[in-house]
Structures are given as structure tokens and as C-alpha cells.
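Here are the chains, one letter per residue:
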Amino acid sequence: MAALLAVASCDASAQEPTPLDEVVVTAPKPDEPPPKSTRIGEPELAARRASASDSARLLQDVPGVTLNGAGGISSLPAIHGLADDRLRIQVDGMDVTSACPNHMNSPLSYISPTQVQRVTVFAGLTPVSAGGNSIGGTIQVESAAPEFASSADELLVRGHLGGFLRSNGNGIGYDVATSIAGTGSSVSYSESTARSDDYFAGDEFKAPGLAAPLRGWLDGDEVGSSAYDGTTNRNVGLALRHEGHLLRLDLGRQNVGFEGFPNQRMDMTSNENRLANLRYAGQFDWGTLDLRVFDQDTRHAMDMGDDRFFYGFGMPMDSESTNRGAHSKASLELSDRHTLGVGGEYLTYRLDDWWSPVGSSGSMCCEKFWNVRDGEQSRLGVYAEWQADWSPQWLSLVGARVDRVASDAGDVQGYNDVMAMWSADAAAFNARDHRRADTHVDVAVLLRYVPSQTLTFEGGYARKTRSPNLYERYAWSTSAMAALMNNFVGDGNGYIGRVDLEPETAHSVSASGELHDAEQAAWSLRATLYATKVNDYIDAIRCDFGQCSAANATATDAFVLLQYANQSALLYGADLSGHWLVTRSDRLGSFTLRGTLGWVRGENRDTDDDLYNIMPLHGKLALVHELGGFRTAVEFGAVESKTRTSSVRNEMQTGHYSLLDLRSSYAFEHARVDVSIENVFDRFYSLPLGGAYLGQGLSMSSFTIPWGTPVPGAGRSINVALSVDF
């Protein structure tokens, strides 16, 4: 016993605590998304990349986001019914811009889905630091951050190979990437390509036959002008790191050989885009500093693809743009709870849009048609934003910004000065002063309240402003042929600009409540209500002047000519999303239900008309099974009939439908295989936001293609993708 007590005494002595020096651990704040935002990363993106060549499709499950149809790689995202230039879309921090009267080269078409590593969506309410010249929200898409070796004697070498096959349209593509890095420097290269033939709907929606006289055969279920080919994205990245400082240069080049547009009257026959993006990010004792300059140069061409009528000569339409910008942002840590962000932006955009003459006589001879000549829009903005973590329960983000937007364009001319169809409109436009300057004053107040571990509330108010784009102000011809070429909504109508358009001003309110388990892993249910009133909303009225006919003002079942006009609009709706971990075991893995539901209404308050391209009630329910590296999902989606349509545009109604998709993947340590079947039962449906079908025939006039056929969605497709990382 004595021996035991002696041993115990020795052990007790040995366990006497030894005082240690104080150790201070510092680390940046967790990268928590701001209030009213949704962030998507891996593995959600990985599952979607396997069946998407269009980066916008990566967003299709984000609550509040829908996609307006365009080309195979160029869908236009919409947030709560507001799309295109009403959103601020940033690719690696750059405000990339379309340079086309049909917005064929949309911002997200400039980054391949295989490059996308993270997406942040501000649906409706946007902090002023992420806003500017937009009213509908912000989408930020980011490629992979540079990697560095962890020790001086290590050389970090990464590689990636990937490819895919899709049965509907015979889609095929590949992507490769490699990087070499030390502790302070990194060099990377990536390349991707994709192509597809026309896709097929689930059933016939037109008579089979020649696409146009002397053109190839199209089956009744083949969607003309939906193919794309020669799409290549190449990027080179250089990065230097020293302690808390990072300097990064990315150079990108994209070439698109051809992209058809089933809801437009022409196709994109070439698009060459070059990007240069230089960024500095630094951490200091007082906070962080982020500086960026970028340059985008685009050369774009449209003409008739193989599914359209060939007039015996080309119908070339070209545009060239330069888009340059500089951003600065500083975040000052005022205290443990208060952060002040200040920043400034300068953006300048130059655009020339011309159509070369064709033939030696006739209405399209013998000079360049200048659709927009010496167009420019510049924006200078400054902002300040204060984030306060008042307590573990309360967070506020309050900001204000001022932007000055200046727009201008030079004098124009038609194909000749002899024919009144060109000269009269050109003379009227040239007699006007084209320069306009708008001042935007935006504010945003966002709040987050977390009363318990299972309940979160978010809400706020935002006032945001957007100036008209160059085509909305400066498209000048009332000739049907010319007006029909100016259309970035895909409804088949022609559009005429208005120099005197005022900026849109939106007042948005939104509130969200989310119930979830304490760990936010087993279940959640989130509901959002929102409303946006837009003063001077840029809608359209029927053209009743110039070359527009009297019948144009009253037609109800035909394509028409419209002029942009300021009116008042109200959009409101609700989003619902959630998940529920049904069961989980070591042997069977986990089964989780995920669902979303979206409903939005859009009304023109001046005319009582419905707004164009508003998604009807829609929802998706998915059962996801995960076991080890396996992930399998059964997805059921349903969309209500679209009966509330824009009368002024003669928008077409679409029927209700439901689709079943199956997806499965297996992730090895250094490889991944994805297999999916989309639209399993090969159901036929029309896309509610797909626009009018114009993909074949004589598309240059408003009456040679029958009105009344919406663009159909894709039939069944079996998709396989494989990637290897090393």
C-alpha cells in the first residue's frame, strides 16, 4: 500500500500544471457570405458541370434565379424577373460586357463551367460595394485561386484532364489545366473547348423539311440554329505572394467559331474576346486593400447560319468594343465589431456596331450601316459601407454610393443616303444631341438577426439605379429589317431606341426567415418575400411613327416593332427552399431531400400589362443519396403554365410541364465520373423564358416566319463526364 501511495504521490507531483507563455493566435475572419446572398462552391458545382457548357446553367438551382434562353453557351440569368443589364455580373471581379445588338456574347459566356470554382448571388438586395448601375442583383463568378507550395523545398505541380459526351446534340468537349508553384510564385494554364449539333425536343413541334430553300433537312423535333462549334477558352495565370500580399495577373482569350440562336434572326459566326485582369490584394494591420485594373477587347460578327435562308450573299453585321475598368476597395477594421469599407470604380465602354453593304444595288447597297457609331458609356462611382456586428445575434450592413454615368454616340448613316428609308431616320437622329449624363444615388440597409441556434432572419431595403444601355438609347432606324436586328430579349420583335430615356430607379424590400437545426446540417427551411418598385422602368410601346405601319399598333398575333419607353413597374414574389436529412447510416449512407419553389409577378403599373419573360410558378424536389464517393440524385421539376404575358410584345403563352432527371457520380481520390440522364421520359415542353422560335427559314423580316411557336426545351439526353486530377 505504501508503495502504491508513493507512486501516486510521484504521479501527482508529475501532473502539476506548468505555466505557459501567452500565445496569441491570429487569423482572418471567416469568409462568411454577406446577408441576403447565396454562395455555391464544390461539390454543388461539380455535379452541374457534367451537363453544362453554359456557365449560367450552374445557377439554375439558386432560389430566385431563372434563365432566359439564348444560344447554347449564352443563357441570360434573371433574378426575381430582372435580367441582362439589370444585373451586375462580374467574372473574376471584372464587369464584362456584351457587344452585340442581340447580347449574344453575354457576360457568363466568357468563362467555361469547368473554370468556375465559386459563385455568389445577391438576389435582389445587394450591398453597395457589389452594386452599381444595376437594379436586379449581382452575380459574382470566380475561377480557382492560385495555389502555392507550403515549404521552400517543395515544388507544387497540379494537373487536370476532363472531358464529356452528351447524346442530345452530340455534344463533346474537353478541358485541361496545369499549374506549377513555389512558396511565393505560381504559374497556371487552362484550356477548354465544347461543341454541339442542334438539339432535339421531346416531340415534333413543326413540320419536317428543308430548313430553308437550298438548305439542309431538319426533322420535326430538331431545334434549328441551336448548334455551337469552335468554342475555346484559354487562360494563363501568374501570381506572386509575399506574406500578406498577393499580386495576380490573368490573361484570357476566347474564340467562338459559331453559335446558333433559335430565338434570334441571325447567328453568331465569330466572337473573339481578350481579357487582361491585374489584381493586388494585401492585408495590413489596419485592414485589407484590394486593387484591380482590367481590359476586355471584343470583336463580334453575326450572319446567317446553315439553318437559315441564304440570300445569295452574306448579311454581315459586326461590332467591336473595348471595355476597361479600375476598382479599388479598402476595408478598415475599426474595432472587433465594426468594419468600414470604402471604394471607387471607373469603367469605360466603347462600341462600334456596323453592317457592311451587300450587293451592287438595292436597299442594302452601298455604304456601311452604322447601328451604333462611336458609342461610349463611362461610369465613375464611389461608396462607403459600414458593417457592424452588434452582438452574436445582430449584424447590420449599411452603405451608400454615388455614380456618374455618361453616355454618348456619334452620327449614323444607313446603307445609303439616297433612299428615304435610311436617310430620314438618320437625319432625325443626327439632329439630336446624343450625350446624356445621369447621377445615381444608391443606398442599401441589410440586417441579420439570429435569435437562437435554430432561427435566422435577414432583411432590408435597397435603392438602386441603372442607366439605359447604348442600344436602348441609340438604336435609331424604324426600318423593320434594322429594328428586328436590335433585340436582346429573344421575342422576335424589332426595337427602336430613345435618346431621352431616363435611368431606372428601383426600391426593393425583402425579408427572409430560416429554420434549421443547431448544426445547420440535418434540416433547413428558408422562405423569402420580396417586392421591387421600379420608377422609369424601361419597357416598350408600339411604334407608330417613321416607317411603322398603322397595323403595327394593333396587331395581336404577329411580330411587331417597338420603341423603348420609361414606365412604372412592380415586381413581387416569394422563394422557398430547404433540405431534410431523411436518414443516415454507415452501411447505407445518407438520404437527403432538397427542394426549391419560386413564384414572381411583374406588372406594368402604367398600362396594367404584364412584364415580359416572367417565370411562372416553378419548383424542384430532389432525393440525394451519398455513400462514400457515390452521390446519386433523383430530381423532379415542375413548371406551371405561363398565361400572364406581355400584350405589347405579343408574348406567347406556354403550357405546364414536369421533368425527371437522374444524376450519379463517383469521386475517387484523384478522379471523378459523372453520368446523368436529363428529361428521362423525353417529355416535350416549351421554355417559358425561351422566347420565339426563329431558328430556320427567312428570318430577316417580321412576317416570313410564322408567329406563335415558343422555343422548345431539350428532349432526353444521356451525359457522361470524366475528370482526372493529379
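Note: the structure precedes this text.
Structural notes, computed from the coordinates.

What counts and how
- Residues numbered from 1 in each chain as written.
- Predicted model: local features only at pLDDT ≥ 70, side-chain atom pairs only at ≥ 80, totals over all residues.
- Heavy atoms only, no water.
- Helix = DSSP H or I, 4+ residues; strand = E, 2+ residues; numbered from the N terminus.
- Rg over C-alpha atoms; globule rule 2.2 N^0.38 Å.
- Buried < 20%, exposed > 50% of the residue type's maximum accessible area, 1.4 Å probe, protein only.
- Contact = heavy atoms within 4.5 Å.
- Areas by Shrake-Rupley, 256 points an atom, 1.4 Å probe, with all protein chains shown as cover.
- Salt bridge = Lys/Arg side-chain N within 4 Å of Asp/Glu carboxyl O.
- Pairing = 2+ DSSP bridges.
- Disulfide = S-S within 2.5 Å.
- 1 Å grid on protein atoms, 1.4 Å probe; cavity = no way out; pocket = protein on both sides within 12 Å on 5 of 7 lines; lining within 4 Å.
- Points joined across faces, edges and corners; volume = space filled by probe spheres on them.
- Nonpolar A, V, L, I, M, F, W, Y, C, P; charged D, E, K, R; others polar.
- Phe/Tyr/Trp six-rings, centres within 6.5 Å; stacked < 30°, edge-to-face > 60°.
- Lys NZ or Arg CZ within 6 Å of the ring centre and 35° of its normal.
- Axes fitted to C-alpha atoms, helices over the stretch in contact; angles between N-to-C directions.

Per the secondary structure count, the protein chain includes five helices and 32 strands. A compact globule built from 726 residues should have a C-alpha radius of gyration of about 27 Å, and the protein chain, at 27 Å, falls within 12% of that. A principal-axis box enclosing the C-alpha atoms of the protein chain has dimensions of 120 × 55 × 50 Å. Counting over 726 residues, the protein chain shows a buried share of 54%. Contacts spanning at least 24 positions in sequence make up 69% of the contacts within the protein chain whose residues lie at least 6 apart. Roughly 31,100 Å² of accessible area belongs to the protein chain as shown, and the carbon and sulfur atoms make up 58% of that amount.

Attention now goes to the pattern of salt bridges. Per the counting criterion, the structure on display carries 43 salt bridges. Residue Arg195 pairs with Asp197 through a salt bridge whose shortest N-O separation is 2.5 Å. In this structure Arg195 comes out as partly exposed when scored by relative accessible area, which is 25%. Assessed through its relative accessible area of 31%, Asp197 is described here as partly exposed.

Across a regular strand the side chains alternate sides, sitting on one face of the sheet and then on the other. Inspection of the sheet shows strand S8 (residues 156-166) paired to strand S32 (residues 717-725) by seven bridges, in the antiparallel sense. Considered in S32, the bridge of Phe164 is made with Ala721.

Okay, the state of the cysteines next. Here the structure, examined in full by the defined rule, presents two disulfides. There is a disulfide in this structure between Cys365 and Cys366, and the S-S distance comes to 1.6 Å. On the sign convention where negative is left-handed, the bridge of Cys365 and Cys366, at about 80° about the S-S bond, is right-handed. Cys365 gets classed as buried once you look at its relative accessible area, which sits at 5%. Cysteine pairing for the protein chain, with bonded cysteines counted in sequence order: 1-2, 3-4.

On to the sheet that holds strand S2 (residues 65-68). Strand order in this open sheet of three strands is S2-S3-S4, and the pairing throughout is antiparallel. Of all the strands in the sheet, the pair left with one neighbour each is S2 and strand S4 (82-83). Here two bridges tie strand S3 (residues 76-79) to S4, and the two strands are oriented antiparallel to one another. Note on S4: the bridge partner recorded for Ala78 is Ala83.

The next subject is empty space enclosed by the protein. If you roll a probe as big as a water molecule over the atoms, it shows you where there is empty space left. The full count for this structure, using the stated rule, is ten cavities of 30 Å³ or more. Forming the boundary of the second largest cavity are 28 residues, of which Asp85, Val96, Thr97, Asn133 and Gln377 lie nearest the centre. Taken together, the elements giving at least two residues each to the lining of the second largest cavity come down to strand S5 (87-91), strand S18 (338-355), strand S19 (369-389) and helix H4 (470-474). The dominant element in the lining of the second largest cavity, judged by the number of residues it contributes, is S18, at four residues. Residues that form the lining of the second largest cavity fall into these classes: ten nonpolar, twelve polar and six charged.

Turning our eyes to something else, we now look at unusual backbone geometry. Cis geometry is adopted by the peptide bond preceding Cys366, which originates at Cys365 and carries an omega value of 25°. With respect to the helices and strands, Cys366 occurs in the loop between S18 and S19. Here Gln520, not a glycine, exhibits a phi torsion of approximately 55°, which is positive. Counting through the fold element by element, Gln520 comes out in the loop between strand S24 (504-516) and strand S25 (523-542). With a phi close to 55°, Asn679 is a non-glycine residue in the positive phi region. Residue position: Asn679 is located in the loop between strand S31 (671-678) and S32. Overall, Asn679 belongs to the buried group, its relative accessible area being 4%.

With that out of the way, let us pick up the packing of aromatic side chains. In this structure the tally under the stated criterion is 19 aromatic pairs. A ring pair is formed by Tyr449 and Phe457, whose centres lie 6.5 Å apart and whose planes are at 15°; its orientation type is stacked. Ring plane angle 25° and centroid distance 5.2 Å describe the contact between Tyr495 and Tyr564, whose orientation is recorded as stacked. Of this pair, Tyr495 sits in strand S23 (residues 494-496) while Tyr564 is found in strand S26 (residues 561-585), placing the two residues 69 residues apart along the sequence. Under the relative-accessibility criterion, Tyr495 is labelled buried at 1%. Look at Tyr564 and you get buried, because its relative accessible area is 6%. What links up through ring pairs into an aromatic cluster is the set Trp355, Phe369, Tyr415, Trp422 and Trp476. When the ring centre of Phe164 is taken as reference, the NZ or CZ atom of Arg166 above it lies at 3.7 Å. Above the ring of Phe205, the side-chain terminus of Lys206 is found at 5.1 Å from the ring centroid.

Bringing the sheet that holds strand S6 (residues 116-123) into the picture now. Spatially, four strands are ordered S1-S6-S7-S5 in an open sheet, and the strand pairing comes out mixed. The sheet terminates laterally at strand S1 (37-40) and S5, the two strands that pair on one side only. Going from strand to strand, the sheet's axes swing by 10° on average, the running direction of each strand aside. With five bridges joining them, S5 and strand S7 (residues 137-143) adopt parallel strand pairing.

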